[in-house]
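Report on the structure
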Amino acid sequence: MKGMTVIVKTISSWVKVLIILFGIYIILFGHLTPGGGFAGGVILASSYVMLMLAFGREFVQKDLPLSLDSKLDCLGAVAFAMIAVLGYVFGKSFFDNFLSQFGRHLRLISSGTIPLSNIAIGLKVGASLFLVIFILSTFRRDSSDDKQE
Amino acid sequence: MRRSIYLVLTFIIWILLTWPFADGTVDLQVVVAGIIASAFVAIIFHDILPKEHHVFVSPIRIFWFLVYVPVFFYYVTKANFDVVYRALHPQMPIKPGIVKIKTNLKSDSAITALANSITLTPGTLTVDLTEDGYLYIHWINVKSDDVEQATCLIAQRFEWFIKKIFE
Amino acid sequence: MIGLLPAFVVIPLIAAFILPLFGKKGKDAATILANAVILLLLVLAVVAVYSGKQGIYEIGDWSIPLGINLVLDGLSALMLLAIATVATAAMLFSARYMEQYTAKAKYLSLFLLMVAGMNGVVLSGDIFNLFVFLEIASLASYALVGFGCGHEELEASFKYMVLGSVGSIFILFSVGLVYGHTGTLNMAYISQTIQNNGGLNAGLTFALALFIVGFGLKAALVPFHAWLPDAHPSAPAPISAMLSGILIKTLGVYALSRVVFNIFGVSQATGWLIIVLGLISMIIGAFLAIGQEDLKRLMAYSSISQIGYVVLGIGLGAALIQKGEDKLASLAILGGLFHLVNHAVYKSLLFLNSGSIEMATGTRRLEQMGGLAAKLPYTRATCAVASASIVGIPPFSGFWSKLILIIAAILAGYYWIAAIIVFVSLCTLIMYLKVHRYVFLGQLPEKLQNARENKGTMLFAMAFLACLCILMGLLVIIPGLKEAVLDPAVKVLTGGFEYSRFVIGPGG
Amino acid sequence: MPYALCFLLFMIGLYCAVVKKNMVKIVIGIMVMEYAVNLFLIMLGYQAPVQLTKSEKQLLSTTPIAAGQGPVVSDETGQTEEKLSVPSVAPILSREDLIEDENGQVKISQLFRMTTVDPLPQALVLTAIVISLGSLALMISICIRTYEKYGTFDITEIRRLKG
């Protein structure tokens with residue numbers, strides 16, 4: 001897959017950074033505005049899906065290898081569970097919001113562990129969604145290659 | 001160099017997204033988060049950005065860009081009225097077709113800007129482009145199917161500015 | 001103990017996501033870690049049963065019903081112990097068995113995910129959370145059934161997945177209905193609202209029907225059983241053991257009995273509906289099993305038949321509670337739950353045996369085997385124990401649970417149910433005699449001269465389960481054990497609405 | 001009426017999942033069922049618009065969270081101002097359920113609950129969507145793998161398992 005024309009490639013490489021920035025914004029402000037880890041993660045994944053459409057799979061594979069992607073996926077999940085366990089260690093109970101005394105509401109630092117969980121969820125969702133789409137898009141190619149050989 | 005340019009760019013966009021000056025003061029948390037986020041994006045993802053980053057630091061190019069904006073809007077408005085005229089005219093004086101034009105622009109961003117300018121102008125639409133600098137344009141009212149002449153009519157007016165901006 | 005309740009879900013969950021980080025080189029480390037995690041769970045479960053502590057755990061320090069809670073009562077503790085036991089054996093077995101597949105780390109990860117989901121189902125005190133954990137366990141099991149990626153595996157996995165998804169959607173729909181009618185998702189508060197309203201209205205009855213269909217699909221009761229005989233044989237042997245041994249019971253029978261007894265309250269109609277479902281499952285499962293030519297398929301049909309016993313005991317209890325005969329009801333439920341635990345042990349042992357046979361011979365067709373008794377002595381011995389147990393030969397565990405069921409049926413005056421139980425036991429005898437006749441006795445085919453027993457952890461896993469099979473009978477014979485292990489679980493079900501009082505507390 | 005339409009959608013999905021012979025169509029049918037249930041859950045939280053008096057509007061003009069008086073809100077010192085009330089009945093209030101205090105005033109949290117939709121089903125639907133996303137991905141990948149093996153999506157031709 002060689003990708004699309006120069007126009008699409010240029011625009012998508014311009015826009016990709018902005019999409020990632022927007023995804024980070026949605027994740028970080030998940031506790032203040034609509035959005036959150038899941039929505040932001042989907043946006044992050046969609047930026048790479050756009051790159052995959054514009055530049056082809058090989059390019060994205062170089063940019064974000066599958067092994068790294070699946071590691072990020074696991075890391076997000078472990079981080080989320082660890083935040084929950086930290087609540088057990090430092091607070092009263094599992095998933096306890098042990099940082100909740102910091103900050104004032106309607107500020108960025110205001111909800112204790114919720115933004116941290118959002119970041120972990122964003123990482124997990126972004127990585128795994130991209131993984132799903134990438135792997136599903138390679139399925140057919142593998143089989144057709146097999147037949148040719 | 002490239003990283004710092006993109007850091008500033010993304011930071012500006014972050015400020016526009018979040019707007020931390022709402023109640024008279026500056027919300028430092030948001031600004032710091034913005035710096036971290038833009039630094040993160042700029043450092044990790046800079047390599048995929050296009051190479052024409054010098055546009056943002058050259059005052060002359062920015063000046064030409066600022067000039068280009070009203071010119072472009074003038075052409076767009078004119079073309080709008082032209083299309084409205086053709087659409088509302090009882091006999092529909094249109095002659096649709098695809099013409100081929102040639103461009104001398106070399107860099108990717110410049111070609112993209114030209115193609116998008118042509119697409120944004122009502123009546124013309126970039127369909128495809130080839131490696132050796134030819135663009136296929138769908139035109140609502142084909143005045144000439146000669147490459148040179150069509151280039152004159154469609155692309156020349158933008159190309160000059162875009163050359164000033166990008167090359 | 002109560003403070004450690006989330007550990008049952010969190011530890012396997014974290015381990016499941018750490019395992020893929022090891023990569024290809026750390027395969028042995030991953031195996032050891034997974035085994036350690038499962039052993040830790042077993043220890044925790046034993047402590048949970050042994051200490052006899054009961055209570056609720058409020059996650060995130062949010063008081064119910066605003067927050068989500070985990071509930072540990074007798075039934076949950078019993079199920080936790082059963083899950084941990086079967087998982088330990090299956091995990092030990094798969095340490096060697098799974099060497100023939102490539103992506104072992106992924107397999108272990110999915111295995112732990114499934115265990116986490118099942119533990120969550122058992123512990124959850126929130127009906128939507130129960131659905132979420134149920135889906136986690138189901139998704140992991142769909143993937144595990146299709147793990148081999150051969151023709152049969154994929155087909156079975158797709159079939160399983162379609163029916164399982166339909167079941168899940170029914171359950172979700174039903175959860176929505178319950179929320180609409182009661183305004184809460186906490187199981188105890190739903191139950192309280194139903195008591196305050198004085199019983200079920202039309203919407204809640206519909207929800208109950210949907211629950212029975214949904215959990216029936218998960219439990220593979222007979223009208224909804226079509227996926228099981230395909231899915232269970234297609235999975236790798238340890239996974240078949242997990243699926244047949246414990247997954248259908250956790251997702252199906254446990255959830256069904258929790259919903260019917262503790263949330264909606266028993267009624268004569270539901271009790272008899274469940275009894276009829278159980279009886280049909282018993283008979284049809286047994287008949288279909290006898291005709292099978294495939295070893296694992298035969299065992300899968302036998303699972304359907306055996307799950308019928310469990311459901312029959314529970315349904316009989318429900319019908320008897322309604323009649324006011326509490327003693328008999330608790331006897332019937334005791335039989336059902338004891339059979340559940342027994343079946344978890346011996347069916348997983350049988351599937352592990354089948355895995356051992358398949359690994360040695362490379363086939364599952366009964367007519368291609370024979371005379372393996374000399375080649376696979378340990379497998380043969382453990383298989384004999386398990387078969388004796390499933391048929392119900394006196395000293396083994398299966399006998400006692402069937403005996404209790406029969407006594408309960410006779411004392412309640414349903415002689416025909418007792419007759420059916422005995423009849424289905426005879427059918428079971430026929431099918432396992434057939435297994436022994438074809439697999440272990442007779443002529444050894446030329447091809448199988450090189451068949452060898454697999455030593456090491458596989459053998460240990462089988463021996464462990466075989467010892468359990470023999471010793472399980474003591475659970476009802478020795479007086480103290482029954483009170484400690486089985487009676488709290490029975491009390492939860494016979495208690496019915498006591499559950500809501502237990503969770504909400506005396507003041508609520 | 002909307003509930004009936006929702007049930008109709010559910011039945012369409014069930015029909016599609018049961019009758020169709022193409023694997024992908026079966027998956028689509030299951031997803032239609034899933035979305036019907038999601039729609040149903042969302043509708044459970046629906047709150048019919050309520051006519052408010054002027055004073056009530058005034059009271060609601062500040063969001064309860066910002067005003068620090070909402071049902072589950074803590075102020076800057078971390079103390080909860082209003083005791084967490086346990087909703088043992090439906091969390092949505094209608095006008096008849098409002099309880100006035102001694103001054104004849106209605107608490108802002110009650111007003112808030114009367115005028116806003118129930119957020120809980122939305123949380124449920126988000127979770128259900130995530131789960132269905134996972135199962136959809138798994139189903140589609142199994143479909144693709146099956147297609148690679150058998151060369152067809154027709155389930156009547158994929159019949160190696162019998163009995």
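Residues numbered from 1 in each chain as written. Chains lettered and ligands numbered in written order. Predicted model: local features only at pLDDT ≥ 70, side-chain atom pairs only at ≥ 80, totals over all residues. Heavy atoms only, no water.

Each helix and strand in chain C was counted, giving 20 helices and two strands. A globule of 508 residues ought to have a C-alpha radius of gyration of about 23 Å, and chain C, at 22 Å, matches this closely. By principal-axis analysis of the C-alpha atoms, chain C measures approximately 70 × 55 × 45 Å. Contacts in chain C between residues far apart in sequence, at least 24 positions, make up 82% of those at least 6 positions apart. Working note: accessible area of chain C is about 15600 Å², and carbon and sulfur atoms make up 67% of it. The positive charge centre, built from 29 side chains, and the negative charge centre, built from 22, are 6 Å apart in chain C. (Helix = DSSP H or I, 4+ residues; strand = E, 2+ residues; numbered from the N terminus. Rg over C-alpha atoms; globule rule 2.2 N^0.38 Å. Contact = heavy atoms within 4.5 Å. Areas by Shrake-Rupley, 256 points an atom, 1.4 Å probe, with all protein chains shown as cover. Lys, Arg positive; Asp, Glu negative; His and termini not counted. Charge placed at Lys NZ, Arg CZ, Asp CG, Glu CD.)

When helices and strands are tallied, chain A shows five helices and zero strands. From first element to last, N terminus to C terminus, chain A shows the α and β order α-α-α-α-α. Buried positions account for 45% of the 149 residues belonging to chain A. In chain A, of all internal contacts separated by at least 6 residues, the share reaching a separation of at least 24 is 67%. For chain A, the exposed surface amounts to about 7200 Å²; the carbon and sulfur share of it is 69%. (Buried < 20%, exposed > 50% of the residue type's maximum accessible area, 1.4 Å probe, protein only.)

To continue, consider the interface of chain D and chain C. In this assembly, 45 residues from chain D lie in contact with 39 residues from chain C. With both sides pooled, the region where chain D packs onto chain C buries about 3800 Å², and carbon together with sulfur makes up 78% of that total. Counting the contacts that link chain D with chain C gives zero salt bridges. Run the count over chain D and chain C and you get three residue pairs in polar contact (both at pLDDT 80 or more). At the level of secondary structure, the elements contributing two or more residues to the side of chain D that touches chain C comprise helix H1 (2-19), helix H2 (23-44) and helix H6 (120-150) of chain D. In terms of residues, the side of chain D that touches chain C owes the most to one element, H6 of chain D, which gives 16 residues. A class-by-class count of the residues in the side of chain D that touches chain C yields 31 nonpolar, seven polar and seven charged. (Buried area = accessible area lost by both parts, 1.4 Å probe. Salt bridge = Lys/Arg side-chain N within 4 Å of Asp/Glu carboxyl O. Polar contact = N/O pair within 3.5 Å; in protein donor to acceptor, adjacent residues only side chain to side chain. Nonpolar A, V, L, I, M, F, W, Y, C, P; charged D, E, K, R; others polar.)

We now examine the nonpolar core. Phe111, Met242, Phe264 and Leu337 of chain C are the most contacted members of the largest nonpolar core, which totals 251 residues. Within the second largest apolar cluster, 28 residues are counted, among which are Tyr48, Val49, Met52 and Ala54 of chain A. (Core = buried A, V, L, I, M, F, W, Y, C linked by side-chain atoms within 4.5 Å.)

All names here are of chain B. The pairing of strand E2 (residues 124-129) with strand E3 (residues 134-139) spans five bridges and is classified as antiparallel. Note on E3: the bridge partner recorded for leucine 129 is leucine 135. Counting the residues between successive antiparallel strands, the hairpin from E2 to E3 contains four residues, one of them, glycine 133, with a positive phi of roughly 85 degrees. (Pairing = 2+ DSSP bridges.)

This part takes up helix H11 (residues 268-290) of chain C. Residue and element names in this part refer to chain C. With 23 residues, H11 ought to run about 33 Å at 1.5 Å a step, and its terminal C-alpha atoms sit 33 Å apart, in line with that. Among the residues making up H11, those that are buried are Thr270, Gly271, Ile274, Ile275, Leu277, Gly278, Leu279, Ser281, Met282, Gly285, Ala286 and Ala289. Lining the buried residues of H11 we find helix H8 (202-219), helix H10 (237-264), helix H12 (295-323) and helix H16 (415-439). (Expected span 1.5 Å × (residues − 1).)

Before going further, it helps to spend a moment on the arrangement of the chains. When the four pairs of chains in contact are compared, the highest contact count belongs to chains C and D. Chain B makes no contact with chain C; the smallest distance between any of their C-alpha atoms is 22 Å. The least C-alpha distance between chain B and chain D, which are not in contact, is 15 Å.

Below, the discussion takes up the sheet that holds strand E1 (residues 97-102) of chain B. Residues and elements named next belong to chain B. Taken in spatial order, the three strands make up an open sheet running E1-E3-E2, and their pairing is antiparallel. Two strands lie at the open edges of the sheet, namely E1 and E2, each paired on one side alone. Strand-to-strand twist of the sheet, defined as the mean angle between neighbouring strand axes without regard to direction, takes the value 30 degrees. With six bridges joining them, E1 and E3 adopt antiparallel strand pairing. When the bridges of E3 are listed, valine 99 appears paired with isoleucine 137. Together, E1, E2 and E3 form the strand contacts of helix H4 (residues 108-120), whose direction differs from that of E2 by roughly 145 degrees. (Axes fitted to C-alpha atoms, helices over the stretch in contact; angles between N-to-C directions.)

All names here are of chain A. On the secondary structure map, leucine 86 appears in helix H4 (residues 66-90). Sequence spacing of leucine 86 and threonine 113 is 27 residues, and the spatial spacing of their C-alpha atoms is 9.7 Å. The residues contacting leucine 86, other than those within four sequence positions of it, are Gly91 and Phe98.

Quick look at the interface of chain A and chain C now. Residue-level contacts link 15 residues of chain A with 14 residues of chain C. Of the roughly 1200 Å² buried between chain A and chain C, counting both surfaces, carbon and sulfur atoms make up 75%. Linking chain A with chain C are zero salt bridges. Taken together, the connections running from chain A to chain C amount to two residue pairs in polar contact (both at pLDDT 80 or more). The element that contributes the greatest number of residues to the side of chain A that touches chain C is H4 of chain A, accounting for nine residues. Per-class residue counts for the side of chain A that touches chain C are 10 nonpolar, one polar and four charged.

Tracing the backbone shows threonine 85 of chain C in helix H3 (residues 74-97). If we skip the residues at most four places from it in the chain, threonine 85 of chain C touches Leu42, Phe464 and Leu468 of chain C.

Before going further, it helps to examine the packing of aromatic side chains. According to the stated counting rule, one finds 41 aromatic pairs over all chains in the structure shown. Directly above the ring of tyrosine 134 of chain B sits lysine 102 of chain B, whose terminal nitrogen or CZ lies 5.0 Å from the centroid. The ring centre of tyrosine 438 of chain C lies 5.2 Å from the NZ or CZ of arginine 437 of chain C, which sits over that ring. (Phe/Tyr/Trp six-rings, centres within 6.5 Å; stacked < 30°, edge-to-face > 60°. Lys NZ or Arg CZ within 6 Å of the ring centre and 35° of its normal.)

All names here are of chain B. A grouping of Val8, Ile12, Leu16, Trp19, Phe21, Val26, Leu28, Val32 and Ile36 is seen on the molecular surface, where their side chains present a nonpolar patch of about 890 Å² in accessible area. Those elements that place two or more of their residues in the nonpolar patch are helix H1 (2-18) and helix H2 (28-45). One can find isoleucine 36 in helix H2. With a relative accessible area of 56%, isoleucine 36 lands in the exposed category. (Patch = residues over 30% accessible without salt bridge, like charges linked within 9 Å, V, L, I, M, F, W, Y side chains within 5 Å.)

Scored by pLDDT, chain C comes out at a mean of 87, with 99% of its residues at no less than 70. Model confidence for chain C, summarised as mean pLDDT per element, is weakest for helix H18 (residues 474-477) of chain C at 80 and strongest for helix H5 (residues 127-145) of chain C at 92. (pLDDT = per-residue confidence, 0-100.)

A separate point is the packing of H5 of chain C against H10 of chain C. Residue and element names in this part refer to chain C. Running from N to C, H5 and H10 cross one another at 160 degrees; their axes reach a closest spacing of 11 Å. Classified by the angle their axes make, H5 and H10 are roughly antiparallel. Regarding H5 and H10, the two cross each other, and that crossing is left-handed. On H10, the residues that touch Ile127, Leu130, Leu134, Ala137, Ser138, Ser141, Leu144 and Val145 of H5 are Ile239, Leu243, Leu247, Leu251, Ala255 and Ile263. Grouping the constituent residues of the contact of H5 with H10 by class yields 12 nonpolar, two polar and no charged. (Parallel < 35°, antiparallel > 145°, perpendicular 65-115°, else oblique. Left-handed = near helix turned anticlockwise from the far one by under 90°.)

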